[in-house]
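A look at the structure
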Protein chains: 2
Amino acid sequence: MSKLIEPRTLKGFRDYPPDLMIPREWLMDTARRVYRSYGFAPIDTPALEYAEILIGKLDADAEIQRQLYRFRDHGGRDVALRFDLTVPFARFAAQNIAKLGTPFKRYHIGPVWRGENTQAGRYREFMQCDFDTIGTTSNGADIETALVIHDLMVALGFERFEVRINNRLVLNGLLEEQGLAEKAGPILRVLDKLPKQGRDKVIAELSAPLGEGVGLEAGQAERVVALAQTQGSSGEVLDRVERDFGRNAKAAEGVARLRELIAVARTAGIPDERLRIDLSICRGLDYYTGTIYETFLTDLPGIGSVCSGGRYDNLAGLYTKQALPGVGASLGLDRLLAAMEELNLLPKASTPAPVLVVQFAAERLGDYQRIGRTLRQAGIATEVYPEAKKLGAQLQYAERRGFRLALIAGPDEFAAGVCKVKVLATREERSVPEVELVATIQKELAADQRR
Amino acid sequence: MSKLIEPRTLKGFRDYPPDLMIPREWLMDTARRVYRSYGFAPIDTPALEYAEILIGKLDADAEIQRQLYRFRDHGGRDVALRFDLTVPFARFAAQNIAKLGTPFKRYHIGPVWRGENTQAGRYREFMQCDFDTIGTTSNGADIETALVIHDLMVALGFERFEVRINNRLVLNGLLEEQGLAEKAGPILRVLDKLPKQGRDKVIAELSAPLGEGVGLEAGQAERVVALAQTQGSSGEVLDRVERDFGRNAKAAEGVARLRELIAVARTAGIPDERLRIDLSICRGLDYYTGTIYETFLTDLPGIGSVCSGGRYDNLAGLYTKQALPGVGASLGLDRLLAAMEELNLLPKASTPAPVLVVQFAAERLGDYQRIGRTLRQAGIATEVYPEAKKLGAQLQYAERRGFRLALIAGPDEFAAGVCKVKVLATREERSVPEVELVATIQKELAADQRR
């Protein structure tokens, strides 16, 4: 026998066996369903692109550049694996928007690759799950983005969460009024660390001299942080900004857009406590120019935002002269999966089917598959065990995989036109006439879910 | 303004805009649903693997080797993009099967990459869509594979198709009886071309001297082709093989397994005309050792098999000493999409939502989104136009995108508690009380589908 090749995955990459892939697929399905329900349409783009397109105007020493999987293909082309879905979307939009028309609403769920140093829970291949509306500056699209995030979180089974919303116009207006307009970029990048690092560290970094920090005077740094930490309901926060800074055109426009967002969301039926104006939300990226969004789980605030995004002025300026303003957000799939695992929200099963039909008598395989097809047609996923092994071995398999019900029928049952239904969690079993099987199983599965 | 980067995709790669991605996603969803309904569980594996794992024992000059996207990663590792889902599954199984247990049923839907010469309709990145049962030699798994293929084709909307089934044991038995056992490999590879190239060319290649062909005597070649082309119902074909070759142990076992398959499928409710024993089906790959499957569309036979597979003795022999026999098949996603386009089975729309709520009066945006959320909660995907543009422009957008219904409400309608429902195909419109909106729209969409 020749030498075996050691089966292994690359460092920073992982397999998804069924117990991990079932919840992951459910999450992607749910996102897809919610995005579609708002009229976002799916697109896909290649994993490989010309390196120059992905790199765009990144600094030569930017972290992303170093993380790029970049090589020469068979034709000697300089190519790389995409590191996010935004840059390919920009390239896609520049190439196709004339044909597609605006407004254009798309979602894109797909893997991206970054050769990062692998730390706890960071992988070199991970899924992104983005939705965007481009080709309109209308606040209607900003408002809808908040509704989508809200409905997505509810569809994922969360009740206790908060979408925190701000507007870069407000932040920039406040900074202008402090005479800090020119330092807005660095200030916002530091302010973005407020939830994680707290007030004191952020003030220290803001007031540290240039090189180490932003170089603000101590009083300025404190005022900036105090403004960002303005407390109160959404209405109170907006009233205060308007009172103190309403003379500033940017701040006034930002406040007006946020007010409309809160009002429309309320009329549309979103509970008030789920959306909150929070002046400390600022997102690190220079890219954002208007509304910005972060989403926090009330029971796991430390995990950070699980769905974030914002409005930008121009998606595809590197590739086309056509200005493409837009707004969108991205679901943090892996972070959310980790959170759901921690909150015990994930079902523990390695089968997508709740019902196993035991192969009791090999010569009745046709009947087992007939019963299986009847249940499948009623929407109940049903596996038929492939061999006529001992009953005990088949039931052990059923329990190990996480099936909910086992169906057992031998010559006696077939003669009587019945089938035994065994509830695996309680080990209770009873005979059910075949004609009542679908209804009985639907009832048992509903009861099992409540257990 | 700095120079623009030309937005373009790599040769052999393509974007999927919504009108292509919507049917593609629907196809993948349908496959997923059918696979799951039989208890196949999802897995995923990395796009990148160690090159040595993907290459295995391929000849250095094998086509796949030349097509591999292979490079050195940041750590200097020799890595490559997967070229199919079978090799990664073998690696995965070798690594994980002890923990997962057998039988193990998985599906895997994901992209693979091959730097092929790009011809009509061949891309360097394409989706594979595989399902397999491993860890059992039981015919129950072979039979189920045929049922899954059948139910998948039906779920995809096909009525006129045929799953053609054979067994390598039968073919090998027939060749043994002709004294051709040692040439079985090359003979089957040539015989595999029978549907495309026809009888005469295949006989010519079989009887051409070694180097150009297989080197059979003319009489042998004709007998082999005549056997492969045995006509008749599944029962007749099996009866003839049994009568003429039943003394051969392999042929007898192959016939017994095929007989059971046909009998179980019939009892399980598969129409007889959908499954057919066809001795000319032999699949080119040496890999297969038992039952083999191909699937043909009655109305487009020339497109070739759209779902193919077979039984194999050992999935992961390169990576583990544990024998992992199995059986599975793969849906030819891109081929099937092309077929469905040709048969006009694909809906023409670039939106996943059937309903557009017109933004007639900007100050009622909250109500438009409230109506939208009511419809979404009833399972009706609904887009709200993001700006209060002119009605004509919004309706033009609706038609261009392929929406089915537009909802229009201004101050008068809101005052009266109604909403206008416009059927875009017929341009008919009527006022509907808001409380009846969901029911009316469900009825209109059903009527629209029948149109």
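The structure contained in this document is the topic of the report that follows. (Residues numbered from 1 in each chain as written. Chains lettered and ligands numbered in written order. Predicted model: local features only at pLDDT ≥ 70, side-chain atom pairs only at ≥ 80, totals over all residues. Heavy atoms only, no water.)

**Examining the pairing of strand β5 (residues 104-113) of chain A**
All names here are of chain A. Let me state the cut-off plainly: Each residue's exposure class comes from its accessible area (1.4 Å probe, protein chains only) as a fraction of the maximum for that residue type: buried when under 20%, exposed when over 50%, partly exposed otherwise. Helix and strand assignments come from DSSP, with helices taken as H or I runs of at least 4 residues and strands as E runs of at least 2, each series counted from the N terminus. Following DSSP output, two strands are said to pair if at least two bridges run between them.
In terms of burial, β5 is largely enclosed, as ten of its ten residues are buried. Where strand β1 (residues 41-42) and β5 come together, two bridges link them in parallel fashion. The partner of Pro-42 across the bridge, within β5, is Tyr-107.

**Description of the sheet that holds strand β13 (residues 382-384) of chain A**
All names here are of chain A. Where we set the bar: Each axis is a line fitted through C-alpha atoms, and for a helix only the stretch in contact is used; angles between axes span 0 to 180 degrees, taken between their N-to-C directions.
Reading across from one edge, β13-β12-β14-β15-β16 is the order of the five strands in this open sheet, with mixed pairing throughout. Both outer strands of the open sheet, β13 and β16 (429-433), are each paired with one neighbouring strand and no more. Within the sheet, the average angular offset between the axes of one strand and its neighbour, ignoring direction, is 25°. Of the strand pairs in this sheet, strand β15 (residues 418-423) and β16 are connected by five bridges, and their pairing is antiparallel. Its bridge partner lying in β16, Val-418 is registered against Pro-433.

**Topic: the relation of the copies chain B and chain A**
The line we're drawing: Alignment of copies: least-squares fit on C-alpha atoms of residues with pLDDT of at least 70 in both copies. In what follows, residue pairs with any heavy atoms lying within 4.5 Å of each other are defined as contacts.
When chain B is brought onto chain A, the operation consists of a screw motion whose angular component is 180° and whose axial shift is 0.0 Å, with 0.0 Å RMSD remaining. As the rotation angle and translation indicate, the two copies are arranged about a two-fold axis. Identified as the residue of chain B closest to the rotation axis by C-alpha distance is Phe-71 of chain B, at 3.2 Å. Both copies share a contact surface, since 100% of the interface residues of chain B are interface residues in chain A too.

**Description of the environment of Leu-331 of chain A**
All names here are of chain A. With respect to the secondary-structure elements, Leu-331 resides in strand β11 (residues 326-331). Each C-alpha atom of the pair Leu-331 and Ser-308 lies 6.9 Å from the other, and the pair is 23 residues apart in sequence. Excluding residues that lie within four positions of it along the chain, Leu-331 makes contacts with Leu-27, Ala-31, Tyr-35, Cys-129, Leu-152, Leu-156, Val-306, Cys-307 and Leu-336.

**Focus: the packing of helix α8 (residues 194-207) of chain B against helix α9 (residues 218-228) of chain B**
All names here are of chain B. For the record, the criterion: Every angle not falling under 35 degrees, over 145, or within 65 to 115 is termed oblique; those three ranges are roughly parallel, roughly antiparallel and roughly perpendicular. With the far helix as reference, a near helix turned anticlockwise by less than a right angle produces a left-handed crossing, and one turned clockwise produces a right-handed crossing. Under the grouping applied here, Gly and all other residues not named as nonpolar or charged are polar, the nonpolar ones being Ala, Val, Leu, Ile, Met, Phe, Trp, Tyr, Cys and Pro and the charged ones Asp, Glu, Lys and Arg.
Between α8 and α9, the least distance of the axes is 7 Å, while the angle of their chain directions is 155°. The angle between the axes of α8 and α9 places the two elements in the roughly antiparallel class. Seen along the crossing, α8 lies across α9 with a hand that is right-handed. Contacts between α8 and α9 involve Leu-194, Arg-199, Val-202, Ile-203, Leu-206 and Ser-207 on the former and, on the latter, Ala-218, Ala-221, Glu-222, Val-224, Val-225 and Ala-228. Of the residues belonging to the contact of α8 with α9, the class tally is nine nonpolar, one polar and two charged.

**Focus on the interface of chain B and chain A**
Note the cut-off: Accessible surface is computed with a 1.4 Å probe, and the buried area is the amount of it that two parts give up when combined, taken over both parts together. In what follows, salt bridge is the name for a side-chain nitrogen of Lys or Arg lying within 4 Å of a carboxyl oxygen of Asp or Glu. Side-chain atoms alone can form a polar contact between residues adjacent in sequence; in general such a contact is a pair of N or O atoms within 3.5 Å, and within protein one must be able to donate a hydrogen while the other accepts it.
On the chain A side, the residues contacting the 111 residues of chain B number 111 residues. Contact between chain B and chain A buries roughly 9,200 Å² in total, counting both sides, with carbon and sulfur atoms accounting for 58%. Contact with chain A buries area across many residues of chain B, yet Ile-5, Leu-10 and Arg-373 of chain B alone supply 8% of it, more than any other trio. For the pair chain B and chain A, the number of links is 16 salt bridges. Our count for the chain B to chain A interface comes out at 43 residue pairs in polar contact (both at pLDDT 80 or more). No other element matches the nine residues that helix α1 (residues 18-37) of chain B contributes to the side of chain B that touches chain A. The residue inventory of the side of chain B that touches chain A, partitioned by class, reads 50 nonpolar, 27 polar and 34 charged.

**Brief notes about the packing of aromatic side chains**
How we decide: In summary, the pairing rule links any two rings of Phe, Tyr or Trp, Trp by its six-membered ring, whose centres are within 6.5 Å, and it sorts them by plane angle into stacked for under 30 degrees, edge-to-face for over 60 and tilted for everything else.
Across all of its chains, the model carries 28 aromatic pairs over all chains by this definition. A centroid spacing of 6.4 Å and a plane angle of 25° characterise the contact between Phe-92 of chain A and Phe-104 of chain A, whose relative ring orientation is stacked. With Phe-92 of chain A in helix α4 (residues 86-100) and Phe-104 of chain A in strand β5, this pair connects stretches of sequence that are twelve residues apart. Summarising the burial analysis for this pair, Phe-92 of chain A and Phe-104 of chain A share the class buried. Ring centres 4.8 Å apart and planes at 40° place the aromatic pair Tyr-35 of chain B and Phe-131 of chain B in the tilted group. Linking Tyr-35 of chain B in helix α1 with Phe-131 of chain B in strand β6 (residues 125-134), this pair joins segments that are 96 residues apart in sequence. Each member of the pair, Tyr-35 of chain B as well as Phe-131 of chain B, is classed as buried.

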